Amino acid sequence: MLIDTHSHIYDEAFDDDRGKVLLRAKGAGVERIVLPAIDGESNEALFELCRREGDYVVPLMGLHPTSVNDNLRWREELDEVERLLKNPPEGIGRFYGVGEIGLDLYWSRDFYAEQVEAFTQQIELALSLQLPIVVHTRSAWEEMTEIIERYRGRGLRGIFHAYSADVATYERLRECGDFVFGIGGVVTFKKSAVAEVVRSMRLEDLVVETDAPYLTPSPHRGTRNEPAYVRFVAEKIAELKGLAIEEVEAQTTKNAKRIFGI
Ligand code: NI
């Protein structure tokens, strides 16, 4: 069985056929789907899905770095994240982590200081609530790593989602706490740099993810991504490491359960 550790199936891209998408995930051996939050605008859809699907989905709560850019309400949104983590809405047992949070300098560096503030504030929140973090990083691996290194030895844990930096950065980050690295559809692409990095990563440090509806793995690249496709990611990791798919499934699922406490 597999766990899709990063999926946005509450997104409107699934409004027409979410039930079928969930059935296909179950049919493909996906035993749980982790739902990272983005911001206040999409939270209600996330809660609605949790109320309907119960334990099959694993909700997180956080403010995404691209939702800090140009968002005059981002401080209020952070207060709301804290309030929700401490008092989950009706019908939601609890949140299993703080995410997705991080740094995204791909679109603009104009809100770098604000992104750092939102990121560190949410790291502190995760530490105080003893929850794992799920970190989004785009065009900011060095900046993000330097922040995480400041927390070394403080019991921080979590997932570096969509891992795409080099082996040296992987070694630095894994020294900082109980961290695993999310591998998604990009690993299946032709000439994927992360595929080469995965060969050097320990299976005990990996979890699989889709980031649905984005980053669709081969052979479905170019279409909407969905949790059932996480199997293509696991198959690619097995191929790259010369392991049986069953071993990749069992270990990545064990890693995900340890991080989220499920
Ligand atoms: Ni995401």
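Structure shown above.
Residues numbered from 1 in each chain as written. Predicted model: local features only at pLDDT ≥ 70, side-chain atom pairs only at ≥ 80, totals over all residues. Heavy atoms only, no water.

Draft legend 1. Structural detail: the coordination of the nickel ion. Bound to the nickel ion on the protein side are H6 (NE2), H8 (NE2), E100 (OE) and D211 (OD), at distances that span 2.1 to 2.7 Å. Classification of the site at the nickel ion rests on its four donor atoms, whose angles at the metal span 85 to 172 degrees, yielding the label irregular. Positions of the donor residues of the nickel ion, expressed as sequence spacing, correspond to H-x1-H-x91-E-x110-D. Here the residue H8 occupies a position in the loop between β1 (2-4) and α1 (18-27), and D211 occupies one in the loop between β8 (206-208) and α8 (230-241), the gap between them amounting to 203 residues. (Donors = N, O, S within 2.8 Å, 3.2 Å for Na, K, Ca; no water. Tetrahedral: all angles 85-135°; square planar, octahedral: opposite > 155°, others 65-115°. Helix = DSSP H or I, 4+ residues; strand = E, 2+ residues; numbered from the N terminus.)

Draft legend 2. Local environment of the environment of G62. Tracing the sequence through the fold places G62 in the loop between β3 (57-59) and α3 (74-86). Classification of G62 as buried rests on a relative accessible area of 1%. Each C-alpha atom of the pair G62 and E77 lies 9.0 Å from the other, and the pair is 15 residues apart in sequence. Every residue in contact with G62, bar those within four places of it in the chain, is listed here: A37, I38, D39, V81, G99, E100, I101 and Q122. (Buried < 20%, exposed > 50% of the residue type's maximum accessible area, 1.4 Å probe, protein only. Contact = heavy atoms within 4.5 Å.)

Draft legend 3. Seen up close, the nonpolar core. In this structure, I123, I133, I148 and Y163 are the most contacted members of the largest nonpolar core, which totals 75 residues. Counting 12 residues, the second largest nonpolar core, distinct from the first, contains I3, V34, Y96 and V134. (Core = buried A, V, L, I, M, F, W, Y, C linked by side-chain atoms within 4.5 Å.)

Draft legend 4. Spatial organisation of a nonpolar patch on the surface. Side chains of V186, Y214 and L215 sit close together on the surface and give an oily, nonpolar patch of about 250 Å² of accessible area. Summarising the element assignment, L215 is placed in the loop between β8 and α8. (Patch = residues over 30% accessible without salt bridge, like charges linked within 9 Å, V, L, I, M, F, W, Y side chains within 5 Å. Areas by Shrake-Rupley, 256 points an atom, 1.4 Å probe, with all protein chains shown as cover. Salt bridge = Lys/Arg side-chain N within 4 Å of Asp/Glu carboxyl O.)

Draft legend 5. Representation of α3 within the structure. Look at α3: 18 Å from first C-alpha to last across 13 residues, which is about the 18 Å you get at 1.5 Å a residue. Considering only its buried residues, α3 is in contact with α2 (40-53), β4 (98-104) and α4 (112-129). (Expected span 1.5 Å × (residues − 1).)

Draft legend 6. A look at the packing of α8 against helix α9 (residues 245-260). Where α8 meets α9, the closest approach of the two axes is 8 Å, and the angle between their N-to-C directions is 115 degrees. As for how α8 packs across α9, the hand of that crossing is right-handed. Of α9, the residues touching α8 (which contributes R231, A234, E235, I237 and A238) are I245, V248 and E249. (Axes fitted to C-alpha atoms, helices over the stretch in contact; angles between N-to-C directions. Left-handed = near helix turned anticlockwise from the far one by under 90°.)

Draft legend 7. Layout of the pattern of salt bridges. The tally for this structure, following the rule as stated, stands at 25 salt bridges. Between R258 and D178 there is a salt bridge; the shortest N-O distance is 2.7 Å. With R258 in helix α9 and D178 in strand β7 (residues 178-183), this pair connects stretches of sequence that are 80 residues apart. By relative accessible area, which is 40% here, R258 ends up partly exposed. Judged by relative accessible area, which is 31%, D178 ranks as partly exposed. Between R231 and E249 there is a salt bridge, with its nearest N and O atoms 3.0 Å apart. Taken together, the positions of R231 in helix α8 and E249 in helix α9 put the pair 18 residues apart, joining distant regions of the chain. Exposure remark for R231: the relative accessible area of 24% places this residue in the partly exposed category. Several salt bridges share partner residues, and in doing so they unite D17, R24, R224 and E226 into one network.

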